[in-house]
Amino acid sequence: MAKSLNDKLPAYLPPESVWEGIEQTLNDLPLQEAVQKLPAYTPPPQTWQKIEQQLPAPTRQWHWYSVAAAIIILLGIGTYRILNRNSSQTKISYSEEIINPKLQPVVDQSLDKQYAQLQAICKKEVTLCEKPDFKSLKQELEQLTLASHQLKDALGNYNTDANLSAQLSEIEAQRADILKKLNERI
């Protein structure tokens, strides 16, 4: 029967103003006074006992929360002790390195002196230093000298990079070879 009524009756939604009017009417003073005049009824205690018997028994959810909290606390303490134990067993060690003398750059001051002497000779005998083969060797020597100074600056006072030290040794050997060739042409 309810189904047949729902099919035959149209649906109607009242405007908001209707609901606001009903709410104001409920809060009117005469209705409030009538509600206060209603008799109070206290049910007998057996009624409450029957209601309590029909309610489901309370679950022990607090028990699971306390077990979870205890596990988290124990895990935290265990992790702290493991990390703290490892930090107290930290050992300090040191080592010494032996530098291979072959990797140390050979700084030959005599190369710089020979280069200065060559420059002095070129000032006196300009025709000798103007020859193309002499000029190309001198230009190569100047490039190697510049590279040598740059590597010395990069190495600093401690010569810590073995690759740079090896390159410097190689450049100094090439400089010595070119100076020898230039001296032969003088």
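Details of the structure are given in the entry above.
Attention in this report is confined to the structure presented alongside it. Here the residue numbers are simple positions, counted from 1 along each chain's written sequence. pLDDT decides what is reported in this predicted model: residues at 70 or higher carry local features, side-chain atom pairs at 80 or more are listed and counted, and totals for whole chains, interfaces and linings draw on all residues regardless. Each side-chain value is worked out from all heavy atoms of the structure, with water and hydrogens disregarded.

This part covers the side chain of Arg 175. Every helix listed is a DSSP run of H or I at least four residues long, and every strand listed is a run of E at least two residues long, numbered separately from the N terminus. By secondary structure assignment, the location of Arg 175 is in helix α9 (residues 162–185). Any pair of nitrogen or oxygen atoms within 3.5 Å is treated as a polar contact; in protein, a donor-acceptor pairing is required on top of that, and neighbouring residues in sequence qualify only through side-chain atoms on both sides. Engagement of the side chain of Arg 175 in a polar contact is seen with the side chain of Thr 145, the distance being 3.3 Å. Note on contacts: a residue pair is in contact if any heavy atoms of the two residues lie within 4.5 Å. For Arg 175, the contacting residues outside a window of four places in its chain are Leu 111, Asp 112, Leu 141, Leu 144, Thr 145 and Ser 148.

A word on the packing of helix α8 (residues 132–155) against α9. To define axes, lines are fitted to C-alpha atoms, for helices over the stretch in contact only, and angles between the resulting N-to-C directions are given on a 0 to 180 degree scale. As a packed pair, α8 and α9 sit with axes 9 Å apart at the nearest point and diverge in direction by 155°. In terms of orientation, α8 and α9 fall into the roughly antiparallel class. As α8 runs across α9, the sense of the crossing is left-handed. The nonpolar class holds Ala, Val, Leu, Ile, Met, Phe, Trp, Tyr, Cys and Pro. Asp, Glu, Lys and Arg form the charged class, and all remaining residues, Gly among them, are polar. Looking at the contact of α8 with α9, its residues break down into 14 nonpolar, five polar and eight charged. Our angle categories are set so that under 35 degrees counts as roughly parallel, over 145 as roughly antiparallel, 65 to 115 as roughly perpendicular, and the remainder as oblique. For any pair of crossing helices, the crossing counts as left-handed if the nearer helix is rotated counterclockwise from the farther one by less than a right angle, and right-handed if it is rotated clockwise.

This part covers the nonpolar core. Within the largest apolar cluster, 16 residues are counted, with the highest numbers of intra-cluster contacts made by Leu 118, Phe 134, Leu 141, Ile 178, Leu 179 and Leu 182. Going through the elements one at a time, α6 (109–124), α8 and α9 are the ones with two or more residues in this core. Here this core takes six residues from α8, the largest share from any one element. Among all residues touching Leu 141, those that are not within four sequence positions of it are Tyr 115, Leu 118, Arg 175, Ile 178, Leu 179 and Leu 182. What makes a nonpolar core is a set of buried Ala, Val, Leu, Ile, Met, Phe, Trp, Tyr and Cys residues whose side-chain atoms join them at distances within 4.5 Å. To sort residues, take the accessible area from a 1.4 Å probe on protein chains only and compare it with the maximum for the residue type: under 20% means buried, over 50% means exposed, and anything in between is partly exposed.

Moving on, we get to α9. Expected helix span is taken as 1.5 Å per residue step, with the number of steps being one fewer than the number of residues. Here α9 is 24 residues long and its end C-alpha atoms lie 35 Å apart, about the 34 Å a rise of 1.5 Å per residue gives. Those residues of α9 not exposed but buried are Ser 165, Leu 168, Ser 169, Ile 171, Glu 172, Arg 175, Ile 178, Leu 179 and Leu 182.

Another point: the side chain of Lys 138. Here Lys 138 shows up in helix α8. For the charge count, each Lys or Arg is scored as positive and each Asp or Glu as negative, with His and the chain ends excluded. Salt bridge, as used here, is a side-chain nitrogen of Lys or Arg placed within 4 Å of a carboxyl oxygen of Asp or Glu. Put simply, Lys 138 is tucked away with no salt bridge, and the nearest opposite charge, on Glu 142, sits 4.1 Å away. When sequence neighbours within four positions are dropped, the list of residues in contact with Lys 138 reads Gln 119, Cys 122 and Leu 182.

Locating Asp 112 in the fold gives a position in helix α6. With relative accessibility at 24%, the residue Asp 112 sits in the partly exposed group. Linking Asp 112 and Arg 175, residues 63 residues apart in sequence, is a C-alpha distance of 9.6 Å. Filtering out sequence-adjacent residues up to four positions away, Asp 112 remains in contact with Lys 152 and Arg 175.

Moving on, we come to the pattern of salt bridges. On inspection of all chains with the given rule, the structure shows three salt bridges. The salt bridge involving Glu 172 is made with Arg 175; its shortest N-O contact spans 3.3 Å. On the criterion of helical spacing, the pair formed by Glu 172 and Arg 175 is a turn pair, its members being three residues apart in helix α9. The pair formed by Glu 172 and Arg 175 is uniform in burial state, with each residue classed as buried. As a salt-bridge pair, Lys 181 and Asp 177 come within 3.8 Å of each other at their nearest N and O atoms.

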